[in-house]
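The residues making up each chain are set out below.
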Amino acid sequence: MKDQKTWFITGASRGLGLEITKAVLASGDKVVAGARNRAPELEELKHENLFIVSLDVTQEEQVIEAIGQAISKFGKFDVLLNNAGFGLLSAVEEASDKEIRHMYDTNVFGTLNVIRHTLPHLRNQRSGHIINISSVGGLSGSAGWGLYNSTKFAVEGFSEALSKELTPLNIHVTAVEPGYFRTNFLDESSLNTISNIIDDYEDTVGKMRSRAVMVNKMQPGDPKKLADALIQIVYSQKPPLHLPLGKDALESYQIKTANFANDIEAWKNVITGTDHSS
């Protein structure tokens, strides 16, 4: 029989967060579910191992309070799953400073808020697992997604560094890079739109906007299978640092690394010729 774990999940009211919450509860583990709004779908679960806390990750005082409530309720938690976030479909030039900062506040600084106030507890118990939901967009940039890509590239960077810092303390870190999964991510509830549309980007970003509408609710990834994959890595003796999920995510990564290798080969003399001669 497996040891029961307690998960702290942000953005648990819908989409991947809700599916993961359901799967974790079904597996026998406990869940502290953080949500900005107490959505009916989450409230209706009514499970003895579920504890719902109000949590806007951009508000540091709320983060501190929610973590304190979690510790008071279950004594400790073993898994932090940073899932809260949203997308912005825009050319890099099109979005305003306000729109970009709003996304960064949640996707980057909000995630760091939760990590910063969770780690004292995990360090004290010398165990735990931090899972940061990144994206296929954290592995490779795409037209129309550059600003969103940048937030997920940030998640990738600090996840890798965190792993090096926390491994000696017996705390695991995994960055999960889902491809296109069939959730509400492409709905208005999770994908912000902009008013400044520049015609010169119609053949690139414009086509991406049209594609997003067409593939919504038809994405290849199954959220339930993603949730099962996360449960597997939490109970693994050697969880991965990176976990791209979905054939599309794997293909995107492989194309990027192949192109990267081609650039290195073509420019190898220039690359290796920039060191001091002596």
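Read on for an overview of the structure.

The rules behind each value
- Residues numbered from 1 in each chain as written.
- Predicted model: local features only at pLDDT ≥ 70, side-chain atom pairs only at ≥ 80, totals over all residues.
- Heavy atoms only, no water.
- Salt bridge = Lys/Arg side-chain N within 4 Å of Asp/Glu carboxyl O.
- Helix = DSSP H or I, 4+ residues; strand = E, 2+ residues; numbered from the N terminus.
- Buried < 20%, exposed > 50% of the residue type's maximum accessible area, 1.4 Å probe, protein only.
- Phe/Tyr/Trp six-rings, centres within 6.5 Å; stacked < 30°, edge-to-face > 60°.
- Lys NZ or Arg CZ within 6 Å of the ring centre and 35° of its normal.
- Lys, Arg positive; Asp, Glu negative; His and termini not counted.
- Contact = heavy atoms within 4.5 Å.
- Pairing = 2+ DSSP bridges.
- Right-handed = clockwise from strand over helix to strand, strands pointing away.

1. A closer look at the pattern of salt bridges
Piece 1. Taken as a whole and assessed by the stated rule, the structure comprises 5 salt bridges.
Piece 2. Among the ionic pairs, aspartate 78 bridges to lysine 76, the shortest N-O distance being 3.1 Å.
Piece 3. In this structure, glutamate 94 engages arginine 209 in a salt bridge whose closest nitrogen and oxygen atoms are separated by 2.4 Å. Here glutamate 94, found in the loop between β5 (87-88) and α4 (97-125), pairs with arginine 209, found in helix α6 (residues 202-215); they are 115 residues apart in sequence, far enough to count as distant.
Piece 4. By relative accessible area, which is 2% here, glutamate 94 ends up buried.

2. Notes on the packing of aromatic side chains
Piece 1. Using the criterion set out here, one finds 4 aromatic pairs in the structure.
Piece 2. Seen in terms of ring centroids, phenylalanine 51 and phenylalanine 74 are 6.5 Å apart; in terms of plane orientation they differ by 85°. Their pairing is edge-to-face. You can see phenylalanine 51 sitting in strand β3 (residues 50-54) and its partner phenylalanine 74 sitting in helix α3 (residues 60-74), a full 23 residues away along the chain.
Piece 3. A relative accessible area of 22% means that phenylalanine 51 is categorised as partly exposed.
Piece 4. Residue classification places phenylalanine 74 among the buried positions, given a relative accessible area of 16%.
Piece 5. The ring of tyrosine 235 has lysine 5 lying over it, and the distance from NZ or CZ to the ring centre is 5.2 Å.

3. Concerning unusual backbone geometry
Piece 1. The phi angle at arginine 126 is positive, at roughly 55°, despite the residue not being glycine.
Piece 2. Note on placement: arginine 126 falls in the loop between α4 and β6 (128-133).
Piece 3. Judged by relative accessible area, which is 46%, arginine 126 ranks as partly exposed.
Piece 4. With a phi angle near 65°, asparagine 170 is a residue other than glycine that sits in the positive phi range.
Piece 5. Within the fold, asparagine 170 resides in the loop between α5 (146-166) and β7 (171-178).

4. Quick look at the side chain of glutamate 156
Piece 1. Mapped onto the secondary structure, glutamate 156 falls in helix α5.
Piece 2. Of the side chains bearing the opposite charge, lysine 152 lies closest to the buried glutamate 156, which forms no salt bridge; the N-O distance is 8.4 Å.
Piece 3. Beyond its immediate chain neighbours, meaning those up to four positions away, glutamate 156 contacts Ser134, Gly138, Leu139, Ala175, Glu177 and His242.

5. Description of the pairing of β7
Piece 1. Counting buried positions over the 8 residues of β7 gives 7, a clear majority of the element.
Piece 2. Relative to β7, β6 runs parallel, the two sharing 6 bridges. Across the sheet, asparagine 132 pairs through a bridge with alanine 175, a residue of β7.
Piece 3. Traced from β6 through α5 to β7, the parallel crossover comes out right-handed.
Piece 4. Summarising the sheet, β7 and strand β9 (residues 242-245) pair through 4 bridges and their orientation is parallel. Paired with alanine 175 across the strands is histidine 242, a residue of β9.

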